[in-house]
Each structure stands twice: as structure tokens, then as C-alpha cells.
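Now for the letters of each chain:
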Amino acid sequence: QVQLVESGGGLVQAGGSLRLSCAASGRTFSVYTMGWFRQAPGKEREFVAAISWGGGSTAYADSVKGRFTISRDNAKNTVYLQMNSLKPEDTAVYYCAARPGTAIARTTVGYYYWGQGTQVTVSS
């Protein structure tokens, strides 16, 4: 089992920045690929970013590429999502998730463990 707890969400004006954190506990954190997903009201959960177990590979949704950066610190069992140049359309609940193994996946399939989510609201 892996327990995930997100933090860092909040209200920010368009153009601003936020840094989300996801603290993991339980099984060895470093053997999991980590992902960030988001879900806006009335919409399906969508992929935002993912990072391989060693941090050498990353992937981003086209909508956030160049604005968001995913990183991880295996010594601290934590994954981060730095969000810059935020837009109102980035408003959503953001979830981190853990996927056993080394492959990066852009869908929710295979992400067995999920956090409770943190709200990000971007005002125009």
C-alpha cells in the first residue's frame, strides 16, 4: 500500500504560480512512476504530468507543457508540480497518483494509488 497526501493548492490570480506537493508513505516510493491528474467540475479526470521512478523521464499534457514542471525527491518521498503562468482553465482538483513500475502512462489505467486531491482555483 502507498498513501498519498497532496498539499499546496489554493486561490491564485491568472498569471500566478503555485507549487503542489505530494507526500508518499508506505511501500518504497522510488519504484513507482508518479503522476498528476486534475478534474474540473463536470469533466473527466485528465492527465497533467508524470515522472519516472528515477526522475529521468517526464511527460506533460499539451495544455500545460512549458508552464508546469514535475519533479520528485525520492529521499523525501515527495513529488512536486510547479505550476507557472496559471490560467482560469487550470482550475480543478489536482490529484497525485502512483503507478508500479517504470513506464510513464498518460491515462489513469495502472495508477493504483491516489491522493485525496487539492483544489486549485485560478481567477481571471
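Residues numbered from 1 in each chain as written. Predicted model: local features only at pLDDT ≥ 70, side-chain atom pairs only at ≥ 80, totals over all residues. Heavy atoms only, no water.

Chemist: Sorry if this is basic, but what is going on with the pairing of strand S7 (residues 68–73) here?
Modeler: Walk down a regular strand and you will see the side chains alternate between the two sheet faces. Going residue by residue along S7, you find Phe-68, Ile-70 and Arg-72 tucked away on one face and Thr-69, Ser-71 and Asp-73 left uncovered on the opposite face. Sheet topology places S7 next to strand S8 (residues 78–83); 6 bridges connect them, and they run antiparallel. Paired with Asp-73 across the two strands is Thr-78, which belongs to S8. Between the end of S7 and the start of S8, which pair antiparallel, lie 4 residues, with Asn-77 showing a positive phi angle near 50°. (Buried < 20%, exposed > 50% of the residue type's maximum accessible area, 1.4 Å probe, protein only. Helix = DSSP H or I, 4+ residues; strand = E, 2+ residues; numbered from the N terminus. Pairing = 2+ DSSP bridges.)

Chemist: Would you mind going over the packing of aromatic side chains with me for this structure?
Modeler: Any pair of aromatic rings gets described here by the distance separating the centres and the angle formed by the planes. Summed over all chains, the structure comprises 5 aromatic pairs. With a centroid separation of 5.1 Å and an interplanar angle of 75°, the aromatic rings of Phe-37 and Tyr-111 are classed as edge-to-face. In this pair, Phe-37 is assigned in strand S4 (residues 32–39) and Tyr-111 in the loop between strand S9 (92–100) and strand S10 (113–114), connecting sequence segments 74 residues apart. Aromatic ring contacts, followed pair by pair, group Phe-37, Phe-47, Tyr-111 and Trp-114 into a single cluster. In this arrangement the basic side chain of Arg-19 is found over the ring face of Tyr-80, its NZ or CZ atom lying 4.0 Å from the centre. Looking at Arg-45, its charged tip hangs above the ring of Tyr-95, at a distance of 3.8 Å from the centre. (Phe/Tyr/Trp six-rings, centres within 6.5 Å; stacked < 30°, edge-to-face > 60°. Lys NZ or Arg CZ within 6 Å of the ring centre and 35° of its normal.)

Chemist: Looking at this structure, how should I read the nonpolar core?
Modeler: As a rule of thumb, soluble globular proteins bury nonpolar side chains together. Grouped together as the largest cluster of nonpolar side chains are 37 residues, with contacts concentrated most on Leu-4, Trp-36, Leu-81, Met-83 and Tyr-94. Apart from the residues within four sequence positions on either side, Met-83 is in contact with Gly-16, Ser-17, Leu-18, Leu-20, Arg-67, Phe-68, Tyr-94 and Val-120. (Core = buried A, V, L, I, M, F, W, Y, C linked by side-chain atoms within 4.5 Å. Contact = heavy atoms within 4.5 Å.)

Chemist: Would you mind going over the pairing of S4 with me for this structure?
Modeler: Across the 8 residues that make up S4, a large majority, 7, are buried. Bridge count between S4 and S9: 8 bridges; the pairing is antiparallel. The partner of Thr-33 across the bridge, within S9, is Arg-99. Where S4 meets strand S5 (residues 46–51), 5 bridges bridge the pair, whose relative direction is antiparallel. Looking at S5, one finds that Gly-35 is bridged to Ala-50.

Chemist: Explanation requested: the sheet that holds S7 in the structure shown.
Modeler: Where strands meet in a sheet, backbone hydrogen bonds hold them as pairs that are either parallel or antiparallel. Strand order in the open sheet made by the 4 strands is S1-S3-S8-S7, with antiparallel pairing throughout. At either margin of the open sheet sits one strand with a lone partner, and together these are strand S1 (2–7) and S7. Averaged over all pairs of adjacent strands, the angle between strand axes in this sheet comes to 15°, irrespective of strand direction. (Axes fitted to C-alpha atoms, helices over the stretch in contact; angles between N-to-C directions.)

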